[in-house]
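# Structure at a glance
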Amino acid sequence: MYCYLYDEYIQGNKRYERELLNIENRLTDLGLAGKISRLALFRNAEEMIRDEIERGVATVVVLGNDETIRKKAELNRKHLDTINHIIINSNHSKEMLQDLLDAMLDIFESDRVWLVYPCDPKAAFFSVDVESFRKDWPGIGLSDEKIPLDFETMSSMKTALKTNGPVVDNAKTGLGVSKSIAKKYHIKSAIRMAVYPKMDKPWMLGMHRCTSDTPWTGEEKMLFNSIGRRISDGLNAILLIQELKRANKTLIESEDRFAKIFHSSPVGIVIANLDELKILNANKSFLQTTGLDLKKVMGRILLEKGFFITPEGGAVLEKIKQGDSFNQADIRFFCHSEKMIRDGQLSSQKVNIGGKESIIIAIEDITEYKRAENEKLMAQQHAAEQEK
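No experiment lies behind these values; they were computed from the predicted model shown. (Residues numbered from 1 in each chain as written. Predicted model: local features only at pLDDT ≥ 70, side-chain atom pairs only at ≥ 80, totals over all residues. Heavy atoms only, no water.)

At 3.6 residues per turn, the α-helix brings residues three or four places apart onto the same side. Counted at 1.5 Å a residue, the expected span for helix α5 (residues 93–108) with its 16 residues is 22 Å, and the 23 Å between its end C-alpha atoms agrees. Where α5 is concerned, the buried positions are M96, L97, L100, L101, A103, M104, L105, I107 and F108. One or two residues past the end of α5 sits E109, with phi positive at roughly 50°. (Helix = DSSP H or I, 4+ residues; strand = E, 2+ residues; numbered from the N terminus. Expected span 1.5 Å × (residues − 1). Buried < 20%, exposed > 50% of the residue type's maximum accessible area, 1.4 Å probe, protein only.)

Right, let's talk about the sheet that holds strand β3 (residues 59–63) for a bit. With respect to topology, three strands assemble into an open sheet ordered β2-β1-β3, the strand pairing being parallel. Bordering the open sheet on either side are β2 (35–38) and β3, each of which pairs with just one other strand. The mean angle between the axes of side-by-side strands here comes to 25°, regardless of whether they run parallel or antiparallel. Of the pairings in the sheet, the one linking strand β1 (residues 2–6) to β3 comprises five bridges and is parallel in character. Within β3, the position partnered with L5 by the bridge is V62. (Pairing = 2+ DSSP bridges. Axes fitted to C-alpha atoms, helices over the stretch in contact; angles between N-to-C directions.)

Moving on, we get to the environment of D365. Locating D365 in the fold gives a position in strand β14 (residues 356–365). For D365, a relative accessible area of 27% translates into the label partly exposed. Expressed as a C-alpha distance, the spacing of D365 and G268, which sit 97 residues apart in the sequence, is 8.5 Å. If sequence neighbours within four positions are ignored, D365 has contacts with T289, F333, R342, D343 and G344. In terms of polar contacts, D365 uses its side chain to reach the side chain of R342, at 2.5 Å. In this structure the side chain of D365 is engaged in a polar contact, spanning 2.7 Å, whose partner is the side chain of T367. (Contact = heavy atoms within 4.5 Å. Polar contact = N/O pair within 3.5 Å; in protein donor to acceptor, adjacent residues only side chain to side chain.)

Take the side chain of D169 next. With respect to the helices and strands, the residue D169 is situated in strand β7 (residues 167–170). Within the local environment of D169, its side chain forms a polar contact with the side chain of R192, the two groups lying 2.7 Å apart. If we skip the residues at most four places from it in the chain, D169 touches G174, L175, G176, S189, A190, R192 and W216.

Attention shifts here to the packing of aromatic side chains. On inspection of all chains with the given rule, the structure shows five aromatic pairs. Measuring from centroid to centroid gives 6.1 Å for F108 and F224, while their planes differ by 70°, and the two rings are edge-to-face. Of this pair, F108 sits in helix α5 while F224 sits in helix α8 (residues 218–249), and the two are 116 residues apart along the sequence. Each member of the pair, F108 as well as F224, is classed as buried. Ring geometry for F286 against F308: centres 5.4 Å apart, planes inclined by 85°, an arrangement best described as edge-to-face. Taken as a pair, F286 in helix α10 (residues 284–290) and F308 in the loop between α11 (294–297) and α12 (311–321) lie far apart in primary sequence, 22 residues in all. You'll find F286 and F308 in the same group, each marked buried. Taken together, the ring pairs connect F286, F307 and F308 into an aromatic cluster. (Phe/Tyr/Trp six-rings, centres within 6.5 Å; stacked < 30°, edge-to-face > 60°.)

So, about the pairing of strand β5 (residues 125–133). Extensive coverage of β5 is indicated by the burial of seven of its nine residues. Sheet topology note: the strand β4 (residues 112–117)/β5 ladder contains six bridges and is antiparallel. Looking across to β5, one finds that W114 is bridged to E131. Pairing of β5 with strand β6 (residues 147–148) involves two bridges; the strand directions are antiparallel. From the neighbouring strand, F125 faces β6, where its bridge partner is P148.

Now the structure itself:
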(Lines give C-alpha, C1' and ligand atoms only; values in the text may rest on other atoms or scores of the structure.)
Protein backbone atom coordinates (compact mmCIF):
# COMPACT_ATOMS: atom_id res chain seq x y z
CA MET A 1 0.00 0.00 0.00
CA TYR A 2 1.39 3.38 -1.06
CA CYS A 3 1.07 6.93 0.26
CA TYR A 4 2.12 9.99 -1.76
CA LEU A 5 2.88 13.06 0.36
CA TYR A 6 2.73 16.36 -1.55
CA ASP A 7 4.72 19.29 -0.23
CA GLU A 8 2.87 22.64 -0.12
CA TYR A 9 5.20 23.95 -2.83
CA ILE A 10 3.92 21.30 -5.27
CA GLN A 11 0.28 21.97 -4.39
CA GLY A 12 0.50 25.74 -4.73
CA ASN A 13 2.22 25.78 -8.12
CA LYS A 14 -0.20 25.42 -11.04
CA ARG A 15 2.54 24.58 -13.51
CA TYR A 16 2.84 21.14 -11.84
CA GLU A 17 -0.87 20.25 -12.09
CA ARG A 18 -0.60 18.58 -15.52
CA GLU A 19 2.59 16.70 -14.57
CA LEU A 20 1.02 15.47 -11.33
CA LEU A 21 -2.09 14.28 -13.12
CA ASN A 22 0.03 12.39 -15.68
CA ILE A 23 2.10 10.81 -12.90
CA GLU A 24 -1.02 9.78 -10.94
CA ASN A 25 -2.57 8.21 -14.05
CA ARG A 26 0.65 6.34 -14.86
CA LEU A 27 0.94 5.06 -11.28
CA THR A 28 -2.63 3.73 -11.55
CA ASP A 29 -1.72 1.95 -14.80
CA LEU A 30 1.27 0.35 -13.06
CA GLY A 31 -0.80 -0.73 -10.07
CA LEU A 32 1.05 1.68 -7.80
CA ALA A 33 -1.81 4.04 -6.96
CA GLY A 34 -2.27 4.99 -3.33
CA LYS A 35 -3.52 7.63 -0.93
CA ILE A 36 -2.48 11.24 -1.55
CA SER A 37 -1.77 13.37 1.52
CA ARG A 38 -0.97 17.06 1.44
CA LEU A 39 1.58 18.73 3.70
CA ALA A 40 0.75 22.27 4.88
CA LEU A 41 1.75 24.75 7.55
CA PHE A 42 1.15 23.36 11.04
CA ARG A 43 0.83 19.82 9.63
CA ASN A 44 3.77 17.76 10.76
CA ALA A 45 5.14 15.41 8.08
CA GLU A 46 6.56 12.98 10.62
CA GLU A 47 3.21 12.62 12.37
CA MET A 48 1.37 12.25 9.06
CA ILE A 49 3.73 9.49 7.92
CA ARG A 50 3.44 7.71 11.28
CA ASP A 51 -0.37 7.79 11.05
CA GLU A 52 -0.33 6.35 7.52
CA ILE A 53 2.04 3.55 8.56
CA GLU A 54 -0.32 2.68 11.41
CA ARG A 55 -3.10 2.42 8.81
CA GLY A 56 -1.06 -0.13 6.84
CA VAL A 57 0.95 1.96 4.40
CA ALA A 58 4.20 0.20 3.44
CA THR A 59 5.77 2.81 1.13
CA VAL A 60 5.73 6.61 1.45
CA VAL A 61 6.81 8.81 -1.47
CA VAL A 62 7.38 12.53 -0.80
CA LEU A 63 7.19 15.09 -3.63
CA GLY A 64 8.32 18.70 -3.23
CA ASN A 65 11.19 20.86 -2.00
CA ASP A 66 12.07 22.53 1.30
CA GLU A 67 9.81 25.59 0.89
CA THR A 68 7.24 24.38 3.43
CA ILE A 69 9.97 23.74 6.02
CA ARG A 70 11.47 27.18 5.47
CA LYS A 71 8.04 28.81 5.64
CA LYS A 72 7.27 27.05 8.91
CA ALA A 73 10.48 28.32 10.50
CA GLU A 74 9.87 31.85 9.20
CA LEU A 75 6.25 31.82 10.34
CA ASN A 76 7.20 30.67 13.84
CA ARG A 77 9.76 33.47 14.08
CA LYS A 78 7.13 36.00 12.97
CA HIS A 79 4.69 34.72 15.58
CA LEU A 80 7.31 35.00 18.34
CA ASP A 81 8.19 38.50 17.11
CA THR A 82 4.50 39.42 17.45
CA ILE A 83 4.44 38.12 21.03
CA ASN A 84 7.69 39.95 21.89
CA HIS A 85 6.36 43.19 20.38
CA ILE A 86 3.22 43.02 22.55
CA ILE A 87 5.23 42.40 25.73
CA ILE A 88 7.83 45.10 25.07
CA ASN A 89 5.41 47.82 23.99
CA SER A 90 2.70 47.40 26.62
CA ASN A 91 2.54 49.62 29.70
CA HIS A 92 -0.55 48.00 31.25
CA SER A 93 -0.40 44.47 32.60
CA LYS A 94 -4.04 43.47 31.98
CA GLU A 95 -4.00 44.89 28.47
CA MET A 96 -0.73 43.10 27.71
CA LEU A 97 -2.08 39.71 28.78
CA GLN A 98 -5.32 40.26 26.85
CA ASP A 99 -3.40 41.27 23.72
CA LEU A 100 -1.18 38.19 24.07
CA LEU A 101 -4.16 35.81 24.28
CA ASP A 102 -5.92 37.57 21.38
CA ALA A 103 -2.75 37.07 19.31
CA MET A 104 -2.57 33.38 20.28
CA LEU A 105 -6.18 32.89 19.18
CA ASP A 106 -5.21 34.06 15.69
CA ILE A 107 -1.80 32.36 15.56
CA PHE A 108 -3.18 28.90 16.33
CA GLU A 109 -6.63 29.47 14.78
CA SER A 110 -8.09 28.05 17.98
CA ASP A 111 -11.47 28.82 19.54
CA ARG A 112 -10.58 29.75 23.12
CA VAL A 113 -7.43 30.75 25.04
CA TRP A 114 -7.26 31.30 28.79
CA LEU A 115 -4.94 32.01 31.69
CA VAL A 116 -5.91 30.89 35.19
CA TYR A 117 -4.40 31.61 38.60
CA PRO A 118 -3.11 29.89 40.62
CA CYS A 119 -1.98 26.62 39.08
CA ASP A 120 -1.99 25.06 42.54
CA PRO A 121 -3.65 21.66 43.16
CA LYS A 122 -3.76 22.45 46.89
CA ALA A 123 -5.70 25.68 46.44
CA ALA A 124 -9.39 25.72 47.30
CA PHE A 125 -10.23 28.15 44.48
CA PHE A 126 -8.87 29.54 41.22
CA SER A 127 -9.89 32.35 38.88
CA VAL A 128 -9.84 32.97 35.13
CA ASP A 129 -7.69 36.09 34.95
CA VAL A 130 -7.62 36.55 31.17
CA GLU A 131 -9.60 34.91 28.37
CA SER A 132 -9.95 35.26 24.60
CA PHE A 133 -12.45 33.40 22.43
CA ARG A 134 -14.30 33.27 19.13
CA LYS A 135 -17.76 34.83 19.10
CA ASP A 136 -19.54 31.45 19.09
CA TRP A 137 -17.37 29.89 21.80
CA PRO A 138 -17.40 32.02 24.98
CA GLY A 139 -15.69 30.64 28.07
CA ILE A 140 -16.33 30.92 31.78
CA GLY A 141 -15.90 34.69 31.65
CA LEU A 142 -13.78 37.06 33.66
CA SER A 143 -14.80 38.04 37.15
CA ASP A 144 -13.37 38.46 40.62
CA GLU A 145 -15.41 35.42 41.66
CA LYS A 146 -13.31 32.50 42.86
CA ILE A 147 -14.11 29.15 41.25
CA PRO A 148 -14.00 26.06 43.50
CA LEU A 149 -11.30 23.59 42.50
CA ASP A 150 -12.88 20.29 41.46
CA PHE A 151 -11.10 16.93 41.14
CA GLU A 152 -10.58 17.10 37.36
CA THR A 153 -9.09 20.61 37.47
CA MET A 154 -6.86 19.60 40.37
CA SER A 155 -5.59 16.60 38.38
CA SER A 156 -5.11 18.81 35.33
CA MET A 157 -2.96 21.22 37.36
CA LYS A 158 -0.90 18.37 38.83
CA THR A 159 -0.15 17.02 35.35
CA ALA A 160 0.81 20.47 34.05
CA LEU A 161 3.17 21.06 36.96
CA LYS A 162 4.83 17.65 36.52
CA THR A 163 5.27 18.03 32.75
CA ASN A 164 8.15 19.95 31.21
CA GLY A 165 6.24 21.63 28.41
CA PRO A 166 2.68 21.44 27.05
CA VAL A 167 0.14 18.73 27.86
CA VAL A 168 -2.30 17.82 25.08
CA ASP A 169 -5.81 16.55 25.79
CA ASN A 170 -8.46 14.90 23.65
CA ALA A 171 -11.71 13.00 24.11
CA LYS A 172 -9.87 9.67 24.49
CA THR A 173 -7.32 10.78 27.10
CA GLY A 174 -9.63 13.21 28.88
CA LEU A 175 -9.89 16.94 28.35
CA GLY A 176 -8.49 18.13 31.68
CA VAL A 177 -11.98 19.09 32.89
CA SER A 178 -15.10 17.21 33.94
CA LYS A 179 -17.32 15.73 31.21
CA SER A 180 -20.08 18.19 32.07
CA ILE A 181 -17.72 21.17 31.65
CA ALA A 182 -16.31 19.74 28.40
CA LYS A 183 -19.87 19.34 27.07
CA LYS A 184 -21.02 22.77 28.27
CA TYR A 185 -18.10 24.56 26.60
CA HIS A 186 -17.90 22.23 23.57
CA ILE A 187 -14.25 21.29 24.20
CA LYS A 188 -13.01 18.76 21.63
CA SER A 189 -9.26 19.07 22.11
CA ALA A 190 -7.05 21.11 24.42
CA ILE A 191 -3.45 22.05 25.16
CA ARG A 192 -2.16 23.51 28.42
CA MET A 193 1.01 24.20 30.37
CA ALA A 194 2.14 25.69 33.65
CA VAL A 195 3.95 29.04 33.48
CA TYR A 196 6.29 30.04 36.26
CA PRO A 197 6.82 33.71 37.14
CA LYS A 198 9.64 33.99 39.66
CA MET A 199 7.73 36.23 42.07
CA ASP A 200 4.48 34.30 42.45
CA LYS A 201 2.77 30.93 42.28
CA PRO A 202 2.53 29.20 38.87
CA TRP A 203 -0.26 30.10 36.47
CA MET A 204 -1.80 27.79 33.83
CA LEU A 205 -2.10 28.72 30.16
CA GLY A 206 -4.50 26.75 28.00
CA MET A 207 -6.25 26.64 24.65
CA HIS A 208 -9.36 24.85 23.34
CA ARG A 209 -10.58 23.67 19.96
CA CYS A 210 -14.37 23.55 19.85
CA THR A 211 -15.06 23.14 16.14
CA SER A 212 -12.84 20.08 15.60
CA ASP A 213 -10.77 17.51 17.46
CA THR A 214 -7.74 18.05 15.19
CA PRO A 215 -4.62 16.83 17.03
CA TRP A 216 -2.00 19.42 18.03
CA THR A 217 1.05 19.08 15.79
CA GLY A 218 4.65 18.99 16.96
CA GLU A 219 5.20 22.51 15.57
CA GLU A 220 2.16 23.83 17.42
CA LYS A 221 3.33 22.28 20.69
CA MET A 222 6.80 23.80 20.32
CA LEU A 223 5.38 27.22 19.47
CA PHE A 224 2.88 27.03 22.34
CA ASN A 225 5.74 26.16 24.71
CA SER A 226 7.86 29.09 23.46
CA ILE A 227 4.96 31.52 23.86
CA GLY A 228 4.22 30.14 27.33
CA ARG A 229 7.82 30.84 28.32
CA ARG A 230 7.55 34.41 27.02
CA ILE A 231 4.31 34.94 28.96
CA SER A 232 6.13 33.72 32.07
CA ASP A 233 8.84 36.33 31.41
CA GLY A 234 6.18 38.99 30.90
CA LEU A 235 4.51 38.07 34.19
CA ASN A 236 7.89 38.41 35.95
CA ALA A 237 8.16 42.05 34.91
CA ILE A 238 4.47 42.79 35.58
CA LEU A 239 4.47 41.32 39.09
CA LEU A 240 7.78 42.93 40.04
CA ILE A 241 6.75 46.42 38.89
CA GLN A 242 3.29 46.08 40.45
CA GLU A 243 4.74 45.03 43.77
CA LEU A 244 7.30 47.83 43.80
CA LYS A 245 4.66 50.39 42.83
CA ARG A 246 2.38 49.21 45.64
CA ALA A 247 5.24 49.40 48.09
CA ASN A 248 6.26 52.82 46.77
CA LYS A 249 2.77 54.25 47.30
CA THR A 250 3.08 53.64 51.01
CA LEU A 251 6.83 54.03 51.22
CA ILE A 252 6.74 56.33 54.22
CA GLU A 253 4.57 53.90 56.19
CA SER A 254 6.20 50.72 54.88
CA GLU A 255 9.84 51.42 54.10
CA ASP A 256 10.75 47.98 55.41
CA ARG A 257 8.37 46.34 52.95
CA PHE A 258 9.87 48.20 49.99
CA ALA A 259 13.37 47.23 51.10
CA LYS A 260 12.35 43.59 51.56
CA ILE A 261 10.88 43.36 48.05
CA PHE A 262 13.89 45.14 46.55
CA HIS A 263 16.57 43.03 48.22
CA SER A 264 14.82 39.64 48.02
CA SER A 265 13.79 39.86 44.37
CA PRO A 266 15.24 37.09 42.15
CA VAL A 267 15.42 39.70 39.36
CA GLY A 268 18.32 42.16 39.24
CA ILE A 269 17.17 45.68 40.19
CA VAL A 270 18.83 49.08 40.40
CA ILE A 271 17.35 52.38 41.54
CA ALA A 272 18.75 55.41 39.71
CA ASN A 273 18.03 59.11 39.60
CA LEU A 274 16.18 60.28 36.52
CA ASP A 275 18.50 63.16 35.62
CA GLU A 276 21.69 61.21 34.96
CA LEU A 277 20.68 57.59 35.57
CA LYS A 278 23.16 57.54 38.45
CA ILE A 279 22.79 54.37 40.53
CA LEU A 280 21.45 55.00 44.03
CA ASN A 281 21.10 51.36 45.06
CA ALA A 282 21.38 47.85 43.63
CA ASN A 283 20.16 44.51 44.92
CA LYS A 284 22.08 41.25 45.28
CA SER A 285 20.54 39.71 42.15
CA PHE A 286 21.78 42.64 40.05
CA LEU A 287 25.30 42.20 41.40
CA GLN A 288 25.22 38.47 40.63
CA THR A 289 23.84 39.10 37.13
CA THR A 290 26.51 41.66 36.21
CA GLY A 291 29.41 40.13 38.18
CA LEU A 292 30.07 43.45 39.96
CA ASP A 293 30.34 44.28 43.66
CA LEU A 294 28.35 47.02 45.34
CA LYS A 295 31.32 49.39 45.72
CA LYS A 296 31.91 49.39 41.95
CA VAL A 297 28.21 50.01 41.26
CA MET A 298 27.13 52.76 43.67
CA GLY A 299 27.25 56.21 42.10
CA ARG A 300 28.05 54.90 38.60
CA ILE A 301 26.15 56.26 35.60
CA LEU A 302 24.24 53.51 33.80
CA LEU A 303 25.14 55.06 30.44
CA GLU A 304 28.85 55.16 31.30
CA LYS A 305 30.89 53.68 28.47
CA GLY A 306 32.33 50.26 29.31
CA PHE A 307 30.23 49.88 32.48
CA PHE A 308 28.10 46.87 31.53
CA ILE A 309 25.41 47.78 28.98
CA THR A 310 26.33 47.35 25.29
CA PRO A 311 25.74 50.28 22.89
CA GLU A 312 22.46 48.74 21.69
CA GLY A 313 21.19 48.64 25.28
CA GLY A 314 22.42 52.18 25.74
CA ALA A 315 19.80 53.33 23.23
CA VAL A 316 17.10 51.89 25.52
CA LEU A 317 18.59 53.70 28.54
CA GLU A 318 18.66 56.99 26.61
CA LYS A 319 14.91 56.62 25.99
CA ILE A 320 14.35 55.88 29.69
CA LYS A 321 16.24 59.06 30.54
CA GLN A 322 13.85 60.94 28.24
CA GLY A 323 10.84 59.58 30.11
CA ASP A 324 9.96 56.34 28.31
CA SER A 325 9.10 53.15 30.21
CA PHE A 326 9.91 49.64 29.02
CA ASN A 327 8.60 46.15 29.66
CA GLN A 328 10.94 43.28 28.74
CA ALA A 329 13.05 45.20 26.19
CA ASP A 330 15.80 43.00 24.74
CA ILE A 331 19.33 44.15 25.62
CA ARG A 332 22.86 42.72 25.78
CA PHE A 333 25.19 43.31 28.71
CA PHE A 334 28.69 42.42 29.84
CA CYS A 335 29.04 40.04 32.80
CA HIS A 336 32.33 41.01 34.47
CA SER A 337 32.76 37.79 36.46
CA GLU A 338 32.36 35.59 33.36
CA LYS A 339 34.00 38.12 30.99
CA MET A 340 31.34 37.56 28.34
CA ILE A 341 28.37 39.26 26.68
CA ARG A 342 25.01 37.90 27.83
CA ASP A 343 21.39 38.40 26.72
CA GLY A 344 18.95 40.16 28.99
CA GLN A 345 15.55 41.81 29.22
CA LEU A 346 15.06 45.23 30.77
CA SER A 347 11.94 46.69 32.38
CA SER A 348 11.62 50.13 33.95
CA GLN A 349 9.19 52.13 36.09
CA LYS A 350 9.26 55.64 37.54
CA VAL A 351 8.86 55.91 41.31
CA ASN A 352 8.97 58.68 43.87
CA ILE A 353 11.43 58.06 46.68
CA GLY A 354 11.89 60.64 49.40
CA GLY A 355 10.10 63.25 47.31
CA LYS A 356 12.49 62.76 44.38
CA GLU A 357 11.55 61.18 41.07
CA SER A 358 13.65 58.10 40.45
CA ILE A 359 13.65 55.14 38.12
CA ILE A 360 13.58 51.44 38.94
CA ILE A 361 15.30 49.30 36.31
CA ALA A 362 14.99 45.50 36.39
CA ILE A 363 17.33 43.33 34.33
CA GLU A 364 16.86 39.59 33.87
CA ASP A 365 19.49 37.31 32.33
CA ILE A 366 17.83 35.22 29.58
CA THR A 367 21.00 33.82 27.98
CA GLU A 368 20.22 30.19 28.83
CA TYR A 369 16.60 30.59 27.80
CA LYS A 370 17.59 31.97 24.37
CA ARG A 371 20.17 29.22 23.96
CA ALA A 372 17.52 26.58 24.72
CA GLU A 373 15.09 28.20 22.25
CA ASN A 374 17.75 28.24 19.54
CA GLU A 375 18.56 24.58 20.21
CA LYS A 376 14.86 23.71 19.91
CA LEU A 377 14.64 25.58 16.62
CA MET A 378 17.74 23.83 15.29
CA ALA A 379 16.33 20.47 16.38
CA GLN A 380 13.05 21.28 14.63
CA GLN A 381 14.86 22.23 11.44
CA HIS A 382 17.05 19.11 11.64
CA ALA A 383 13.97 16.91 12.09
CA ALA A 384 12.33 18.65 9.17
CA GLU A 385 15.39 18.05 7.01
CA GLN A 386 15.18 14.34 7.84
CA GLU A 387 11.60 14.30 6.55
CA LYS A 388 12.66 15.36 3.06
